[in-house]
Amino acid sequence: MVYFQRSPGSRRLLLLLLLLTALEAGSGHVHYSIPEEVKHGTFVGRIAQDLGLELVELVPRLFRVSSKGYRDLLEVNLQNGILFVNSRIDREELCGRNAECSIHLEVIVDRPLQVFHVEVEVKDINDNPPRFLRREQRLFILESRIVDSRFPLEGASDMDVGANAELKYKLNPNEYFDLYVKTNEEETNILELVLKKALDREETQEHLLLLTAVDGGKPELTGTVQLLISVLDANDNAPKFDKSVYNIRLLENAPNGTLVIKLNASDADDGINKEIVYLFSNLVLDNVRSKFIIDSNSGEITVKGELDYEDCNLYEINIDAVDRSSFPLTGHCKVIVKLLDENDNTPEMVITSISLPVQEDASLGTVIALISLSDRDSGPNGQVTCTLSPHVPFKLVSTFKNYYSLVLDSALDRESVANYELLVTARDGGSPSLSATASVSVEVADVNDNAPTFAQAEYTVFVKENNPPGCHIFTVSARDADAQENALVSYSLVERRVGERALSSYVSVHAESGKVYALQPLDHEELELLQFQVSARDAGVPPLGSNVTLQVFVLDENDNAPALLPLPGAGGAGGAVSELVWRSVGAGHVVAKVRAVDADSGYNAWLSYELQPAAGGARSPFRVALYTGEISTTRSLDEADSPRQRLLVLVRDHGEPALTATATVLLSLVESGQAPKASSRVLAGAAGAETALVDVNVYLIIAICAVSSLLVLTLLLYVALRCSAPPSEGACGRGKPTLVCSSAVGSWSYSQQRRQRVCSGEGPPKTDLMAFSPSLPQGPGSADIPRQPNPDWRYSASLRAGMHSSVHLEEAGILRAGPGGPDQQWPTVSSATPEPEAGEVSPPVGAGVNSNSWTFKYGPGNPKQSGPGELPDKFIIPGSPAIISIRQEPTNSQIDKSDFITFGKKEETKKKKKKKKGNKTQEKKEKGNSTTDNSDQ
């Protein structure tokens, strides 16, 4: 527990205690208390917190504890600021019998220098039992001694203090003797053996008793001594003193021969038994015998040795007065001599140098030295004051009792005064006063208060890659404003890791010149920026330093040629690209794309594409985009163009010198009718490569989206034909509708292989519409080949791009009628099971004639299909260029498929066969429709 010293006292000391409390609170010292004999590591107090210091500043400020004359009894843990017991503390060894026992500590911290005083009070514990000087005390008692006669006994001593030293005595039970204990004015115990029954030497010649001393501690400790009493025959009256105890006060340093007291004892006997001899009792200690002497005849006690109050201020002398009979009787008394202090000790001064020499930039209040004063005298004789002369830029500050600090009072200038000679005088308060002086030489020293500084905090260095090893890339320079060794600057790298390697494997710096060298060739592709720090330190003590950051940018050299990426359709000889191009494409049509990368950066990685001129100087109908590598047509292709075009594309970077790479593109020009056959023959071998590069082949994407859009269109037409009928035909008039659908990618045909009855309201069901499967057999990659449109149908590239979709499509379409017509929610159609089937036209991939995956769904809010007569004869489908026309034919009318628009050239032979078999096919379809109707029902 920490507290400022405040102790309760009696009323007569209240004013003095209040004054002392105010003085101690003003000094601000910290007081702790601990019991003695505690274990190592015992907590004493949070000294850092109590002194107002932060834990983080203990080590930087060089926190240390000094204890004068107490070695390392107490230590401070710098991690948590706790003062703890470091070694065994024995109060009796430190302070003896003094009532108060304290350990004074000086706590010193730097930056700025501060000194704190801590007082640790060591409290007594009952660790010492009472002890007798002798194991046995021998008494000689005449048998003639009367009852209640008293015989002095030597008491025990206890090294403890306070209640632990308060002794009680007890005597083992016996029938002859009792124990009498009384306390004198000096609060010491006087023990007397009281005879309670007359002795008879003839009956018992010796009595053996056990005297026990018990202290007042908890637990109680005891000490014993044996009393051996011999019964004598002789005198009836023993000599008697006027007093049993004599108290004498004597100045210390009394000269030898000084009379202390003259004792007088009387004996009631006559003759030789009345003659008395004065002797020191055998209880008198040797140190008392060395200081005093007694005249055996006169009883005068005089000073024999040097008396020093500081060594011992109280002497107890036991005197025996013995008569001269054959059986002498003895009288006893005690003389207590208390010494009075004199001013006989000059003050002692100890100067501890803290900051010598003093740095010229020391701040005001800096502690230069610590001065501790002491005076062995007591009272005013031991009160010491300290003064400083002559008038210098220093002053003395009292920190605690007899402790002073020599502190800086004004600024120092080493150039003006390099050394000060100070005289410190310590004077006590005695009369006459005594003094002591000491000289202190204070030297002012220069300080290393300037760190090396760089002109900039950061430098940017540009180094070309592939530099020779050991080349000089930069020079750092720092200046130090100090002088001599404080201005000597050395340079070093601040080591760190760069990837998996140490920084020192890349660069080094010369310690004296500051030149930075590259230890190995730098590669821009591996390391674009090397950032590190160079440290500059001076030779001062302690050295000061600063860091500068270097950002080394590795400049790119054109040391990497363009590299061609794997191209879509690659797989020919030498990595050449083979592409099919329809002759019907117009100008600006993109037929292929060359891709390349360059490992360099900046202009060295900026690639441009050039088309090498054809052999013989012929002008190619193709061109390549300068920066994208896209190969497109410059004009429409015609029959005069070679069916096989070999293009050489030169890829060039912008470095100095420029590096190049060449890509070969093989283009095959085909007619529109040859597209399916060419697709089945040529593309079968390149399907694997095209599938791997589908993400970059825009043509495949266009083809997939086109056929997907066609699938949606077909299904919408089917639903429209089923649900639309002229009002004159009735609600469910039976007839054979003819559907004409023109779209961007082909036309649809009508089929009677499968009929599904859809009826809204009354009337017979309508004939359904089925789409033929594509005539191109399913093969590897065949679904990704774009189809050449019929020359009589043109559509723009933007329209093709808007037709992208997936093969499995399911969405709700809103068919909007012509101007003024109502909005209709039409069923959607989806196809999920691809089953290829032969046919003339190409519906969306995956929709087969015999496939049951065609499903029809109505949009939300339209659970039933609108009735007949509510549909216009034409529909415009949003997002599609197709216009759907629906017309109803009589039930027995013939449908000529040649009326429909299809892609490709129609073979005349097929037309004739279709016309001849028209009647037979119509009959078969009607039979099939009847079967389908029955199955649907």
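Residues numbered from 1 in each chain as written. Predicted model: local features only at pLDDT ≥ 70, side-chain atom pairs only at ≥ 80, totals over all residues. Heavy atoms only, no water.

What about the overall build of the chain?
Rules: We count a stretch as a helix when DSSP gives it H or I for four or more residues in a row; a strand needs E for two or more, and each element gets its number in order from the N terminus. Only protein chains enter the accessibility calculation, which uses a 1.4 Å probe; a residue whose area is less than 20% of its type maximum is buried, one above 50% is exposed, and one in between is partly exposed. Should any heavy atoms of two residues lie within 4.5 Å, those residues are counted as being in contact. The method behind every accessible area is Shrake-Rupley, applied with a 1.4 Å probe, and residues are considered shielded solely by the protein chains displayed.
Scanning the chain from N- to C-terminus turns up ten helices and 58 strands. Taking all 937 residues of the chain together, the buried fraction comes to 43%. Partitioning the intrachain contacts of the chain with sequence separation of at least 6 by distance along the chain shows that 69% fall at a separation of at least 24. A total accessible area of about 48,500 Å² is found for the chain, and carbon and sulfur atoms account for 52% of it.

Section: the UniProt feature "transmembrane region" (unreviewed entry) in the chain
Using the following cut-off: UniProt positions are given in the numbering used here, feature names are shortened, and annotations may be inferred rather than shown by experiment.
According to UniProt, the feature "transmembrane region" (unreviewed entry) maps to residues 698–721 in the numbering used here. Taken end to end, residues 698–721 comprises 100% helix and 0% strand; its first and last C-alpha atoms sit 35 Å apart.

Side note on the sheet that holds strand β4 (residues 74–77)
Spelled out, the test is: Only when DSSP finds a minimum of two bridges between them are two strands counted as paired. Helix axes use the C-alpha atoms of the stretch in contact, all axes being lines fitted to C-alpha atoms, and the angles between their N-to-C directions lie in the range 0 to 180 degrees.
Spatially, three strands are ordered β2-β5-β4 in an open sheet, and the strand pairing comes out antiparallel. Two strands bound the open sheet, and with one partner strand each, they are β2 (43–45) and β4. This sheet shows a mean twist of 40 degrees between the axes of neighbouring strands, independent of strand direction. Note: β2 against strand β5 (residues 82–85), two bridges, orientation antiparallel.

Examining the nonpolar core
Where we set the bar: Throughout this description, the term nonpolar core refers to a set of buried Ala, Val, Leu, Ile, Met, Phe, Trp, Tyr and Cys residues connected via side-chain atoms within 4.5 Å.
By size, the foremost hydrophobic cluster in this structure holds 28 residues, and its most contacted members are I47, L74, L83, I103, V118 and V120. Counting residues per element, the ones that place at least two in this core are β1 (30–35), α2 (47–50), β4, β5, β6 (102–109) and β7 (114–123). Excluding residues within four positions of it along the chain, L74 makes contact with I34, V44, L83, F84, V85, N86, I89, I103, L105 and V120.

Considering the pairing of β7
Among the ten residues that make up β7, seven are buried, leaving the element largely enclosed by the rest of the structure. As judged from the six bridges shared by β1 and β7, these two strands associate in the parallel manner. Its bridge partner lying in β7, P35 is registered against K123. When β6 meets β7, the two strands line up antiparallel, connected through eight bridges. Following the sheet pairing, L105 is matched in β7 by V118. Linking β6 to β7, which pair antiparallel, is a turn of four residues; within it R111 sits at a positive phi near 55 degrees.

Quick word on a negative patch on the surface
The line we're drawing: Patch construction takes residues with relative accessible area above 30% that form no salt bridge. Like charges are linked within 9 Å, and nonpolar side chains (Val, Leu, Ile, Met, Phe, Trp, Tyr) are linked within 5 Å. Basic side-chain nitrogens of Lys or Arg form a salt bridge, by our definition, when they fall within 4 Å of a carboxyl oxygen of Asp or Glu. Only four residue types enter the charge count, namely Lys and Arg as positive and Asp and Glu as negative; His and the chain termini do not. We put the charge of a Lys on NZ, of an Arg on CZ, of an Asp on CG and of a Glu on CD.
A cluster of acidic residues, D361, D446, D449 and E485, forms a negative patch on the protein surface. Among the secondary structure elements, D449 is positioned in the loop between β31 (435–445) and β32 (453–454).

Remarks on helix α7 (residues 698–723)
Heads up, the rule is: To estimate how far a helix should extend, the number of its residues minus one is multiplied by 1.5 Å.
The terminal C-alpha atoms of α7 lie 38 Å apart, and with 26 residues this matches the ideal 38 Å at 1.5 Å per residue to within 8%. For α7, the buried fraction is high: 22 of the 26 residues fall into the buried class.

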